[in-house]
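So you can see what is in the structure, the chains are spelled out below.
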Amino acid sequence: MKNYLITGISRGVGFAIAEALLEKGHAVYGISRTMSGEIESLKNKFSQRLNFKSFDLMEAENIRPDLFPQWLTLETPIHGFVNNAAMAYDDLLTNLNLKMLEKMYRVNVFAPMEITKYVIRQMLLHRTAGSIVHISSISVHTGYKGLSMYASTKGALEAYSKNTAREWGQRGIRSNCLVAGFMDTDMSASLDVEQKKRIYQRTALKQETSISSVAETTAFLLSENAASITGQNIFVDSGTI
Amino acid sequence: MKEKLLEIVNIIRDNKQLARLENLNPKDDLRTDLGLDSLDLAEFTVRVESEFGVDVFSDGLVNSIDEVLFKLEK
């Protein structure tokens, strides 16, 4: 049994990743702003192995001590970290609102960077050859109208991940990004049916990216089966073209 | 406290196949005298924190054992 830290587990991809790892017999340390019905159901099914913490990543300065070391104590070995939580502030860049942009950077970039710091420290303490997975977005690589600001946060994570992999590889610590295509989640709720159809038409498979495919690929990247994969961007995007 | 620091330094040196040290001199430089590189210093930091509850690198670079002791005794 391994211990995995996942952010944003209340719904969508984060929930699917938490469920996939719990089903495989692992322990999940899950963070989200609020409790949800979905988390309640996971708690009922896997009570012993799901440790839930309500925390708002906007409060990045409280990651220490609220998350580390008060919740995730130094005695707890962490085998993997999935940075999934994100906020989407979508607009034309000519409407850029600096306050909103800063908020998005706190949640999408600064908080996971800070969490990674403590995750790696804990991996060093326990000599854990751990694995970090950042959930990135196809918008970094293709470009979509209205997503320049959001995509820039994910691009920052891809650079961070690549350099984390280089910096900590000699300690056996791996870092990868899963570049997810458009999924039918709350994140894309602002798009209407026509817009979604147009986006899916830009993929080889002509369909949305499957949430369970993203979750299972994340579980693979965390596992020993991916022992030689680090510093990579793994595209799970229905073959976006 | 110094014995505990010696134990931590030796845990890290063991992992690098460096000979164990018998004792620490307060003037010992963590890098040049004790042979710790930047990644080792990160491990040193978290091991010291785990033992004493203090992040000795939180407000700037620490170079020598007596600087570490100073931070721990503050």
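On a predicted model such as this, the values are computed, not experimentally measured, just so you know.

## As for the overall build of chain A
So, point 1. The helix and strand tally for chain A stands at eight helices and seven strands.
So, point 2. When its C-alpha atoms are laid out on the principal axes, chain A stretches across 50 × 40 × 35 Å.
So, point 3. Within chain A, buried positions represent 52% of all 241 residues.
So, point 4. Long-range pairs, those at least 24 residues apart, make up 70% of the contacts in chain A between residues at least 6 apart in sequence.
So, point 5. Carbon and sulfur atoms provide 51% of the accessible area of chain A, an area that totals close to 10,900 Å².
So, point 6. Put simply, chain A has 26 plus and 23 minus side-chain charges, and the middle of one group is 5 Å from the middle of the other.

## Focus: the environment of E19 of chain A
So, point 1. Following the sequence through the fold, E19 of chain A ends up in helix α1 (residues 12–23).
So, point 2. Residue classification places E19 of chain A among the partly exposed residues on the basis of a relative accessible area of 29%.

## Quick notes on the packing of aromatic side chains
Residue and element names in this part refer to chain A.
So, point 1. Throughout the structure, instances matching the rule amount to four aromatic pairs over all chains.
So, point 2. Their ring planes at 45° and their centres at 6.1 Å tell us that Y105 and F110 sit as a pair that is tilted.
So, point 3. When the ring of Y144 is compared with that of F182, the centres are 4.8 Å apart and the planes differ by 75°; the resulting orientation is edge-to-face. Linking Y144 in the loop between α5 (139–142) and α6 (148–168) with F182 in the loop between β6 (174–180) and α7 (193–201), this pair joins segments that are 38 residues apart in sequence. Neither Y144 nor F182 differs from the other in exposure class; each is buried.

## What to know about unusual backbone geometry
Residues and elements named next belong to chain A.
So, point 1. In this model, R64 is joined to P65 through a cis peptide bond whose omega is 15°.
So, point 2. In this structure, P65 sits in helix α3 (residues 63–71).
So, point 3. Put simply, F68 and P69 share a cis peptide bond, and its omega is 5°.
So, point 4. As for its placement among the helices and strands, P69 is situated in helix α3.

## Describing the nonpolar core
So, point 1. Counting 35 residues, the largest nonpolar core has L5, I63, L67, F68, I115 and V119 of chain A as the members making the most contacts within it.
So, point 2. At the level of elements, β2 (27–32), α3, α4 (98–126) and α6 of chain A together with α2 (38–52) of chain B are the ones that each hand at least two residues to this core.
So, point 3. Per-element tally for this core: the top contributor is α4 of chain A, with 11 residues.
So, point 4. In this structure, I9, F15, L22 and V82 of chain A belong to the second largest nonpolar core, which totals 30 residues.

## Quick look at the environment of L124 of chain A
So, point 1. Tracing the backbone shows L124 of chain A in helix α4.
So, point 2. C-alpha of L124 of chain A to C-alpha of G172 of chain A: the two residues are 48 residues apart in sequence and 9.8 Å apart in space.
So, point 3. Look past the residues within four positions of L124 of chain A in its chain and what remains in contact with it is W168, R171 and I173 of chain A together with A42, E43, V46 and R47 of chain B.

## Brief notes about the packing of α1 of chain A against helix α8 (residues 211–222) of chain A
Residues and elements named next belong to chain A.
So, point 1. Contact geometry for α1 and α8: axes closest at 9 Å, N-to-C directions at 50°. Judged by the inter-axis angle, α1 sits oblique to α8. Pair α1 / α8 crosses with right-handed handedness. Across from G12, V13, A16, I17, A20 and L21 in α1, the residues of α8 making contact are I211, V214, A215, E216, T218, A219 and L222.
So, point 2. Among the residues making up the contact of α1 with α8, the classes are represented as 10 nonpolar, two polar and one charged.

## Observations concerning the sheet that holds β6 of chain A
Residue and element names in this part refer to chain A.
So, point 1. An order of β3-β2-β1-β4-β5-β6-β7 is seen for the seven strands of this open sheet, with the pairing classed as parallel. Two strands in the sheet have a free side with no partner beyond their single neighbour: β3 (50–54) and β7 (233–236). Direction aside, the axes of adjacent strands within the sheet are offset by 20° on average.
So, point 2. Bridge count between strand β1 (residues 3–7) and β2: five bridges; the pairing is parallel. Note on β2: the bridge partner recorded for Y4 is V28.
So, point 3. Sheet strands touched by α1: β1, β2, β3, β4 (80–83) and β5 (131–137). Its angle to β1, the strand with the most contacts, is close to 170°.
So, point 4. Where helix α2 (residues 37–45) meets the sheet, it contacts β2 and β3, and its direction lies at approximately 150° from that of β3.

## Points about the pairing of β4 of chain A
Both faces of the sheet carry side chains from a regular strand, because those side chains alternate between them.
Residue and element names in this part refer to chain A.
So, point 1. On β4, burial covers both faces: G80 and V82 on one face and F81 and N83 on the other are all buried.
So, point 2. Of the strand pairs in this sheet, β1 and β4 are connected by three bridges, and their pairing is parallel. Each bridged residue has a counterpart across the sheet, and for L5 the counterpart in β4 is F81.
So, point 3. The pairing of β4 with β5 spans four bridges and is classified as parallel. Residue pairing in the sheet places F81 in a bridge with I132 of β5.
So, point 4. Once the chain exits β4 it traverses α4 before rejoining the sheet at β5, and the crossover so formed is right-handed.

About the criteria used
In this numbering scheme, every chain counts its residues from 1 along its sequence in written order. Just so you know, chain letters begin at A and ligand numbers begin at 1, following the order they were written in. This being a predicted model, a pLDDT of at least 70 is required before a residue's local features are given, and a value of 80 or more before pairs of side-chain atoms are given or counted; all residues contribute to the totals for chains, interfaces and linings. Side-chain numbers here rest on the full set of heavy atoms in the structure, without hydrogens or water. The helix and strand labels rest on DSSP assignments: H or I over at least four residues marks a helix, E over at least two residues marks a strand, and numbering proceeds from the N terminus. Buried residues are those whose accessible area, probed at 1.4 Å on protein chains only, stays under 20% of the maximum for their type, while exposed residues exceed 50% and partly exposed ones sit between those limits. Note on contacts: a residue pair qualifies if any of its non-hydrogen atoms lie within 4.5 Å across the two residues. Only the protein chains shown count as cover for residues, with accessible areas throughout obtained via the Shrake-Rupley method and a probe of 1.4 Å. We score Asp and Glu as negative and Lys and Arg as positive, and we do not count His or the chain ends. A single reference atom marks each charge: NZ on Lys, CZ on Arg, CG on Asp, CD on Glu. A pair of aromatic rings is counted whenever rings of Phe, Tyr or Trp (Trp by its six-membered ring) have centres within 6.5 Å, and the orientation is called stacked for planes under 30 degrees apart, edge-to-face for over 60 and tilted otherwise. Only buried residues count toward a nonpolar core. Its members are Ala, Val, Leu, Ile, Met, Phe, Trp, Tyr and Cys residues joined through side-chain atoms within 4.5 Å. A fitted line through C-alpha atoms serves as each axis, taken over the contacting stretch for helices, and the angle formed by two N-to-C directions is quoted from 0 to 180°. When describing relative orientation, an angle under 35 degrees is termed roughly parallel and one over 145 degrees roughly antiparallel, while 65 to 115 degrees is termed roughly perpendicular and anything else oblique. Two helices cross in a left-handed way if the nearer one is turned anticlockwise from the farther one by less than a right angle. They cross in a right-handed way if the turn is clockwise. All residues other than Ala, Val, Leu, Ile, Met, Phe, Trp, Tyr, Cys, Pro, Asp, Glu, Lys and Arg, Gly among them, are scored as polar; the first ten of these are nonpolar and the last four charged. Here, a strand pair is defined by DSSP locating no fewer than two bridges between the strands. Looking down the strands as they point away from you, a crossover is right-handed if its path from the first strand over the helix to the second goes clockwise.

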